[in-house]
Amino acid sequence: MHTNTTMEPSFKSITCTRKGSYKLETRNLSYKLCSKFDEFRTLCFGLNPTRGSKFILKDVNCEARPAEITAIAGPSGAGKTTLLEILAGRIPSCKVSGQVLVNHMPMDVNRFRRESGHVAQEDALFPLLTVRETLMYSALLRLPGGRKVAATRVAELMKELGLDPIADSRIGNGSDHGISGGERRRVSIGVDLVHDPAIILIDEPTSGLDSASALNVISMLRLMAFNQGKTVVLTIHQPGFRILEQLDSLILLSDGFVTHSGSLNLLEARLSLSGHRIPHHVNVLEFVLDVMQTLVIRTSESGRNNQFLLNDEKENQDHKMRLQCSMIVKEKAMLYSNSPMEEILILGQRFCSNIFRTKQLFVTRVIQALVAGFVLGTIFLNVSNKQTKIALQTRSGFFAFSLTFLLSSTTEGLPIFLEERTTFMRETSRGAYRVSSYVLANTLVFLPFLLMVGLLYTTPVYWLVGLRKDIDGFLYFSLVVWLVLLMSNSLVACFSALVPNFILGSSLIAGLMGSFFLFSGYFISKEKIPSYWIFMHYISLFKYPFECLMINEYGGEQGKKRCIEVNNNGECILYGVEFLSQQGLKESQKWSNLGLMLSFIIGYRVLNFIILWLRCYRSRK
């Protein structure tokens with residue numbers, strides 16, 4: 001744990017900085033819970049939500065100033081996180097009334113979310129990346145100028161956050177050897193400060209930390225606010241004396257109402273006027289939470305507007321700031337920091353780091369492919385050399401089982417996709433990169449990885465089973481296996497964007513795979529499938545690769561001469577091409593089916609993109 005520096009609370013306000021000073025205000029802000037039907041009516045018809053909705057915030061008037069730390073406090077359920085998310089532009093407009101102003105101008109939500117830094121209470125970090133890599137990828141995605149500019153900013157930020165000693169340590173996930181909770185919190189803050197925002201909004205920065213780590217985090221934020229003129233807004237539950245000394249202003253909430261907005265000295269004065277005496281062993285915030293109800297009653301008796309005593313005292317300063325600084329710059333909305341190709345390269349590099357360091361995914365998949373290839377090869381050893389009806393059925397069973405194994409084995413990537421989705425939603429909400437870049441990078445990274453897995457499986461099993469003894473047949477077999485793995489991976493990626501959790505996702509994928517196998521034509525012929533279920537036959541992921549493997553084995557010029565079944569007298573009664581004709585298969589399907597398999601891969605990836613884009617669009621609106 002790093003040593004903490006105690007700072008004096010008597011900082012002077014900075015009016016303007018290099019990047020401009022930003023002041024946040026709310027005027028008569030109210031927030032209510034409304035149903036999905038109300039949201040639909042508001043979105044489609046512009047109607048107001050129903051009057052019976054429950055208010056979480058009511059007529060909130062408060063402000064946060066540059067070069068100051070403004071804390072939002074109150075008992076549980078008072079609306080602290082809700083107010084912070086509204087200030088960060090992350091609450092749907094149908095639920096909010098009133099105004100959020102930035103330097104006295106209405107907030108441009110899309111622009112504000114790109115330029116501010118919002119740190120959620122829960123960390124969303126990749127456990128297998130180091131601290132330096134985590135900050136570096138964030139800098140590459142959010143800063144223009146390339147790797148050199150990003151490296152300079154990361155070095156500066158790590159020094160500022162006190163992360164230099166652990167720069168090359170992996171984040172970890174709590175169960176293994178990783179960095180401490182306080183260090184994780186500072187890394188999460190660093191990820192959102194890498195683009196040097198002038199406004200920082202943090203939800204519970206001290207949650208789950210010991211007193212020393214909590215003070216370290218708040219002290220670091222205090223230095224940033226004072227030295228760089230940043231506007232820092234955070235929620236806090238019950239800070240100690242030393243943390244309370246770092247705060248410049250306090251917004252006190254109770255049942256959605258603001259009972260105090262201003263300095264701690266003013267709060268102490270109000271408590272004294274109300275007849276309360278603060279005990280020596282209790283700080284002012286702990287005490288005011290105990291007598292909150294009395295303060296609310298006395299405030300409401302004197303009128304609604306008397307809650308905000310500090311506002312009138314600052315009007316002159318507001319006028320000066322309005323002249324000196326302006327948040328709203330008359331220019332087009334910020335574009336992405338990188339081109340689509342640069343985003344794909346950065347995200348692809350990060351995907352590779354996560355995949356090759358995930359032992360459960362990488363090592364297990366490699367071993368699984370090798371072991372399965374050798375085991376199946378020894379079970380079906382030289383079965384293709386036999387010319388009996390049983391051998392023919394055995395070869396078909398081998399093809400069917402291989403496809404079952406290949407299509408079901410890639411579902412283990414579902415938890416990794418779900419874990420990445422949390423980080424993806426946060427990064428895209430900040431405008432770090434495009435949804436299309438994420439989907440393309442994810443697809444391109446898995447191409448060589450799954451090709452390697454496919455070759456590790458096909459190399460032993462193809463020759464041990466004794467399939468067509470020529471290199472063309474082996475290469476085509478390997479190509480089909482590769483496309484099967486890509487189809488399964490694309491299906492899992494699509495469902496990972498759709499389902500809320502791993503349990504539901506794995507259940508749906510398992511059920512769908514079973515249905516695909518049932519309707520593939522292996523158990524029930526196409527002619528015997530009921531007409532109302534025939535569509536399942538054509539969308540089955542088993543159908544097309546199974547037909548490809550059959551045609552590859554029994555088709556072509558070799559299939560015309562290859563005898564696959566003889567009678568008791570040793571005479572050939574069935575050639576390869578005749579068998580394919582009995583199954584209703586044509587030589588032309590060998591390549592057309594590959595095209596259909598490729599269309600499945602592209603289709604599922606497009607669906608993945610659409611679902612993720614809709615999720616991002618919904619979170620922005």
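The model shown is predicted, which means the values in this text are computed figures rather than measured ones.

**Q** So what about the overall build of the protein chain? Which residues, and what values?
**A** Each helix and strand in the protein chain was counted, giving 24 helices and 12 strands. In the protein chain, which comprises 621 residues, the proportion classed as buried is 53%. Intrachain contacts of the protein chain at a sequence separation of at least 6 include 77% that bridge at least 24 residues. Taken as a whole, the protein chain presents about 28,900 Å² of accessible surface, with 58% of it coming from carbon and sulfur.

**Q** Would you mind going over the sheet that holds strand β10 (residues 257-262) in detail, with residue names and values included?
**A** Pairing in this open sheet of six strands is mixed, and the strands run β6-β7-β8-β3-β9-β10 from one edge to the other. Where the open sheet ends on each side, the last strands, each with one partner, are β6 (117-119) and β10. Averaged over all neighbouring strand pairs, the angle between strand axes comes to 15 degrees, with direction disregarded. Bridge count for strand β9 (residues 249-254) against β10 is five bridges, and the pairing is antiparallel.

**Q** Please set out the side chain of Thr82 residue by residue, giving values where relevant.
**A** Positionally, Thr82 belongs in helix α2 (residues 80-87). Accessibility expressed as a relative area gives 16% for Thr82, which makes it buried. If we skip the residues at most four places from it in the chain, Thr82 touches Tyr31, Ile56, Leu57 and Ile91.

**Q** Mind laying out the confidence of the model for the protein chain, listing which residues take part and the relevant values?
**A** Looking at the protein chain as a whole, its pLDDT mean stands at 80, while 84% of the residues score no less than 70. When pLDDT is averaged over each element of the protein chain, helix α18 (residues 471-498) comes out on top at 93 and helix α12 (residues 315-324) at the bottom at 38. Overall, residues 1-18 carries pLDDT values under 50, and its contacts beyond four positions in sequence, including any with other chains, amount to 40 contacts. A low-confidence stretch, residues 297-334 stays under pLDDT 50, and its non-local contacts, those more than four residues away or across chains, total 54 contacts.

**Q** Explain the packing of aromatic side chains residue by residue, including any values.
**A** Within this structure, the stated rule accounts for 23 aromatic pairs. On the numbers, 5.3 Å between centres and 85 degrees between planes, the contact of Tyr476 with Trp591 is edge-to-face. With Tyr476 in helix α18 and Trp591 in helix α24 (residues 589-620), the pair connects residues that are 115 residues apart, well separated along the chain. Tyr476 gets classed as buried once you look at its relative accessible area, which sits at 4%. Ring-pair connections join several aromatic residues into one group, and the members of that group are Phe351, Phe424, Tyr433 and Tyr438. Between the NZ or CZ atom of Lys590 and the centre of the ring of Tyr476, over which it lies, the distance is 4.8 Å.

The rules behind the values
Residues numbered from 1 in each chain as written. Predicted model: local features only at pLDDT ≥ 70, side-chain atom pairs only at ≥ 80, totals over all residues. Heavy atoms only, no water. Helix = DSSP H or I, 4+ residues; strand = E, 2+ residues; numbered from the N terminus. Buried < 20%, exposed > 50% of the residue type's maximum accessible area, 1.4 Å probe, protein only. Contact = heavy atoms within 4.5 Å. Areas by Shrake-Rupley, 256 points an atom, 1.4 Å probe, with all protein chains shown as cover. Pairing = 2+ DSSP bridges. Axes fitted to C-alpha atoms, helices over the stretch in contact; angles between N-to-C directions. pLDDT = per-residue confidence, 0-100. Phe/Tyr/Trp six-rings, centres within 6.5 Å; stacked < 30°, edge-to-face > 60°. Lys NZ or Arg CZ within 6 Å of the ring centre and 35° of its normal.

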